[in-house]
Amino acid sequence: DQQVKQNSPSLSVQEGRISILNCDYTNSMFDYFLWYKKYPAEGPTFLISISSIKDKNEDGRFTVFLNKSAKHLSLHIVPSQPGDSAVYFCAASAHNDMRFGAGTRLTVKP
Amino acid sequence: DAGVIQSPRHEVTEMGQEVTLRCKPISGHDYLFWYRQTMMRGLELLIYFNNNVPIDDSGMPEDRFSAKMPNASFSTLKIQPSEPRDSAVYFCASSPRRDYGYTFGSGTRLTVV
């Protein structure tokens, strides 16, 4: 029962361009959404989040968009840098529960 | 705070052997989680504790897996006997809340041959 889905296992973009990572969820009770970033040989680290009362949250080069009606969120990275190459996990939480997607491996080519 | 500390970083063992993974959570975090990362399923929640008490172990794959948290600063995940399909990276995370603020350890890469 995958309540949080990241349908693209990998994404490759050129340095300087936009990276868009997508995430879909099925449980309408989720009210908080997060993105985690994971480098090889390290644990996932928190990147950015958004509450369900908002549709956009921006932090520097990172912006998360939430479309509640479509149960879809996305992470935009502009401009992409080689150091952004990592696995990105989408997560969704409700009271007493948090679920992770399977992750998308982003490769930013110089 | 040194963060969530896991040991060992790497473990290679033979099929049938017992494996014990260890975790020290961040002091003051009431929740501790064990996750397994695989290519096919991403991050799977195996079990989580609240105030040292196991709350939900529905993600534990089978009876070969067990987890304990004898005190607020230590938890173990044990696999006995281990099988090659258990090969994965196992993460421990701790949090002050169930739904927010997770801090992950660096993981233990387990290889069962």
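Read on for a plain summary of the structure.

About the cut-offs
Residues numbered from 1 in each chain as written. Chains lettered and ligands numbered in written order. Predicted model: local features only at pLDDT ≥ 70, side-chain atom pairs only at ≥ 80, totals over all residues. Heavy atoms only, no water. Helix = DSSP H or I, 4+ residues; strand = E, 2+ residues; numbered from the N terminus. Buried < 20%, exposed > 50% of the residue type's maximum accessible area, 1.4 Å probe, protein only. Contact = heavy atoms within 4.5 Å. Areas by Shrake-Rupley, 256 points an atom, 1.4 Å probe, with all protein chains shown as cover. Lys, Arg positive; Asp, Glu negative; His and termini not counted. Charge placed at Lys NZ, Arg CZ, Asp CG, Glu CD. Disulfide = S-S within 2.5 Å. Buried area = accessible area lost by both parts, 1.4 Å probe. Polar contact = N/O pair within 3.5 Å; in protein donor to acceptor, adjacent residues only side chain to side chain. Nonpolar A, V, L, I, M, F, W, Y, C, P; charged D, E, K, R; others polar. Phe/Tyr/Trp six-rings, centres within 6.5 Å; stacked < 30°, edge-to-face > 60°. Salt bridge = Lys/Arg side-chain N within 4 Å of Asp/Glu carboxyl O.

With that settled, the discussion passes to the overall build of chain A. Counting its regular elements, chain A contains 0 helices and 11 strands. When the elements of chain A are put in sequence order from the N terminus, they spell out β-β-β-β-β-β-β-β-β-β-β. Expressed along its principal axes, the backbone C-alpha trace of chain A runs to roughly 40 × 25 × 20 Å. Here chain A holds 110 residues, and the buried ones make up 45% of them. Here the analysis covers contacts within chain A between residues at least 6 apart in sequence; of these, 53% occur between residues at least 24 apart. Approximately 5,400 Å² of chain A is accessible, and the part contributed by carbon and sulfur atoms is 49%. Counting 12 positive and 10 negative side-chain charges, chain A places the centres of these two groups 4 Å from one another.

Okay, the state of the cysteines next. Across all of its chains, the model carries 2 disulfides over all chains by this definition. In this model C23 of chain A forms its disulfide with C90 of chain A; the gap between the sulfur atoms is 2.0 Å. Between C23 of chain A and C90 of chain A, the disulfide has an S-S torsion of -70 degrees and is therefore left-handed. Of the two residues, C23 of chain A is situated in strand 3 (residues 19–25) and C90 of chain A in strand 9 (residues 86–94); the sequence distance between them amounts to 67 residues. Across the disulfide from C23 of chain B sits C92 of chain B; the S-S distance is 1.9 Å. Judged by the sign of its S-S torsion, about -65 degrees, the bond between C23 of chain B and C92 of chain B is left-handed. Of this pair, C23 of chain B sits in strand 3 (residues 19–24) while C92 of chain B sits in strand 9 (residues 88–95), and the two are 69 residues apart along the sequence. Here C92 of chain B falls in the buried class, since its relative accessible area comes to 0%.

Moving on to the interface of chain A and chain B. Every contact between the two is made by 19 residues of chain A and, on the other side, 16 residues of chain B. Counting each side, the surface lost to burial between chain A and chain B is near 1,400 Å², with a carbon and sulfur contribution of 57%. Linking chain A to chain B there are 3 residue pairs in polar contact (both at pLDDT 80 or more). Broken down by element, the residue count for the side of chain A that touches chain B peaks at 4 residues, all from strand 4 (residues 32–38) of chain A. Looking at side-chain class alone, the side of chain A that touches chain B contains 10 nonpolar, 6 polar and 3 charged residues.

Let us look at the packing of aromatic side chains. Counted under the stated rule, the structure contains 16 aromatic pairs over all chains. For the ring pair F100 of chain A and Y35 of chain B, a centre distance of 5.4 Å and an interplane angle of 85 degrees mean the geometry is edge-to-face. On the criterion of chain membership, the pair formed by F100 of chain A in strand 10 (residues 97–100) and Y35 of chain B in strand 4 (residues 31–38) is interchain, its members lying in two chains. Each of the two residues, F100 of chain A as well as Y35 of chain B, counts as buried.

What follows is about unusual backbone geometry. All names here are of chain B. Following S7, the chain continues into P8 via a peptide bond in cis, with omega recorded as -10 degrees. Following the sequence through the fold, P8 ends up in the loop between strand 1 (5–7) and strand 2 (10–13). The backbone of N51 sits at a positive phi, close to 50 degrees, despite the residue not being glycine. You will see that N52, though not glycine, has its phi angle at about 75 degrees, which is positive. Here N52 shows up in the loop between strand 5 (42–50) and strand 6 (53–56). Given the relative accessible area of 27%, N52 is considered partly exposed.

Residue and element names in this part refer to chain B. As enumerated under the stated definition, the model contains 11 salt bridges over all chains in all. Between K78 and E18 there is a salt bridge; the shortest N-O distance is 3.8 Å. One end of the pair, K78, is in strand 8 (residues 74–79); the other, E18, is in the loop between strand 2 and strand 3, and 60 residues separate them in sequence. Put simply, E62, R64, E83, R85 and D86 are held in one network by salt bridges that share partners.

By themselves these figures say nothing about function.
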